[in-house]
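The lines below spell out each chain.
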Amino acid sequence: MSFLELARKRCSIRKYAPKNVEQEKIDYILEAARLAPSAVNYQPWYFVWVQSAEGKAKLQECYPREWFKQAPYYLIVCGDHQQSWKRGDHKDHMDIDTAIATEHICLAAAEQGLGTCWVCNFDTELCRKHFKIPETIEPVVLIPFGYPSDPALFDETPKRRKPIEEIIKRESF
């Protein structure tokens, strides 16, 4: 599949099948995260893998939505402000770098037939406590993933996008 086909396929999946994911697919997704680019190649990220019943229950306390409980696996994407590059105007690129890595994860998962969903509205302090995340590390995104309950969800999930004429400015704003 071409990159544009993959980009069109990837969407937020909120219905998961109770099915295990093959280890080689998990390894593939984690390698895609590792290979993500970052500002000045600082790679200011950590990925906490959660699949045990105890870990999943703790994570579900951080984001208590019914659909979230269906996912068989989770990744907590964390960023380290002490390791991230700061631009001359002090702009911290940790959020940008972790966002790039997160989307690498989501695209790699979609390519493997797996669904994901960015979850940013969660209790970060409870997450930090439950997973012993150091104070200098910020939990940025939760990514539930697994096989969608129906593969047709990739095609059926609405993908509303602005027209290209509305977002592209030629030569200047």
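Within every chain, residues take consecutive numbers counted from 1 along the sequence as written. A pLDDT threshold of at least 70 governs which residues receive local features in this predicted model, and a stricter bar of 80 or more applies before side-chain atom pairs are shown or counted, although totals over entire chains, interfaces and linings include all residues. The side-chain figures draw on all heavy atoms in the structure; neither hydrogens nor water molecules are used.

J.: Talk me through the overall build of the chain; I want residue IDs and the actual numbers.
T.: Each helix and strand counted, the chain has seven helices and four strands in total. Each helix and strand of the chain, ordered N terminal to C terminal, gives the series α-α-β-α-β-α-β-α-β-α-α. Atoms considered for the radius of gyration are the C-alpha atoms alone. The globule rule reads 2.2 Å times the number of residues to the power 0.38. Computed over C-alpha atoms, the radius of gyration of the chain comes to 17 Å, within 12% of the 16 Å expected from 2.2 N^0.38 for 173 residues, which places it in the range of a compact globule. Overall size of the chain, expressed as C-alpha extent along the three principal axes, is 50 × 40 × 30 Å. The buried label goes to any residue with under 20% of its type's maximum accessible area, the exposed label to any with over 50%, and the partly exposed label to all in between, with areas taken from a 1.4 Å probe on protein chains only. Here the chain, with 173 residues, has 45% of them falling under the buried criterion. When contacts within the chain are restricted to residue pairs at least 6 apart in sequence, those whose partners lie at least 24 apart make up 78%. Numbering goes from the N terminus for both helices and strands, where a helix is a DSSP run of H or I of at least four residues and a strand is a run of E of at least two. Note on contacts: a residue pair is in contact if any heavy atoms of the two residues lie within 4.5 Å.

J.: Describe in detail helix α4 (residues 94–111), supporting the description with residues and values.
T.: With 18 residues, α4 extends 26 Å between its outermost C-alpha atoms, agreeing within 8% with the 26 Å of an ideal straight helix rising 1.5 Å per residue. Residues of α4 that are buried: Met-94, Asp-97, Thr-98, Ala-101, Thr-102, Ile-105, Cys-106, Leu-107, Ala-108, Ala-109 and Ala-110. A helix is expected to reach a length of 1.5 Å times the quantity of its residues less one.

J.: Could you give an account of the UniProt feature "domain: Nitroreductase" (unreviewed entry) in the chain, with specific residues and numbers?
T.: UniProt positions are given in the numbering used here, feature names are shortened, and annotations may be inferred rather than shown by experiment. UniProt records the feature "domain: Nitroreductase" (unreviewed entry) for residues 8–61 and 64–147 in the present numbering. With 43% helix and 11% strand, residues 8–61 has its two end C-alpha atoms placed 32 Å apart. The span residues 64–147 is 30% helical and 24% strand by assignment, and the distance between its end C-alpha atoms comes to 20 Å.

J.: Describe unusual backbone geometry, and please don't skip the residues or the numbers.
T.: Even without being a glycine, Val-40 presents a positive backbone phi close to 55°. Mapped onto the secondary structure, Val-40 falls in the loop between α2 (23–34) and β1 (45–50). Phi at Glu-171 takes a positive value of approximately 70°, unusual for a residue other than glycine. The residue Glu-171 is located in the segment after α7 (164–167) in this model. Residue Glu-171 is classed as exposed on the basis of its relative accessible area, which comes to 83%.

J.: For the environment of Pro-44, give the residues involved together with the corresponding values.
T.: The topology assignment puts Pro-44 in the loop between α2 and β1. C-alpha separation for the pair Pro-44 and Arg-161, spaced 117 residues apart in sequence, amounts to 30 Å. If sequence neighbours within four positions are ignored, Pro-44 has contacts with Ser-38, Cys-78, Gly-79, Asp-80, Gln-83, Ser-84, Met-94, Asp-97 and Thr-98.

J.: Before we move on, could you go through the nonpolar core and cite the residues and values that matter?
T.: Side-chain atoms within 4.5 Å link the members of a nonpolar core, which is a set of buried Ala, Val, Leu, Ile, Met, Phe, Trp, Tyr and Cys residues. The biggest cluster of nonpolar side chains holds 27 residues, and the ones touching the most others in it are Leu-59, Phe-68, Ile-76, Cys-127 and Leu-142. Within the residue set of this core, elements represented by two or more residues are α3 (53–62), β2 (73–80), α4, α5 (124–130), β4 (137–146) and α6 (153–156). Counting residues in hydrophobic clusters, the runner-up holds 20 residues, among them Val-21, Ala-32, Cys-106 and Ile-143.

J.: How would you summarise the pattern of salt bridges if you had to cite specific residues and measurements?
T.: Put simply, a salt bridge is a Lys or Arg side-chain nitrogen that is within 4 Å of an Asp or Glu carboxyl oxygen. As enumerated under the stated definition, the model contains eight salt bridges in all. Between Glu-103 and Arg-10 there is a salt bridge, with its nearest N and O atoms 3.2 Å apart. Here Glu-103 is found in helix α4, whereas its partner Arg-10 is found in the loop between α1 (3–9) and α2, with 93 residues between them in sequence. Glu-103 sits in the partly exposed class, given a relative accessible area of 25%. Among the ionic pairs, Lys-58 bridges to Glu-54, the shortest N-O distance being 3.5 Å. On the criterion of helical spacing, the pair formed by Lys-58 and Glu-54 is a turn pair, its members being four residues apart in helix α3. By sharing partners, the salt bridges in this structure join Glu-125, Arg-128 and Glu-135 into a single network.

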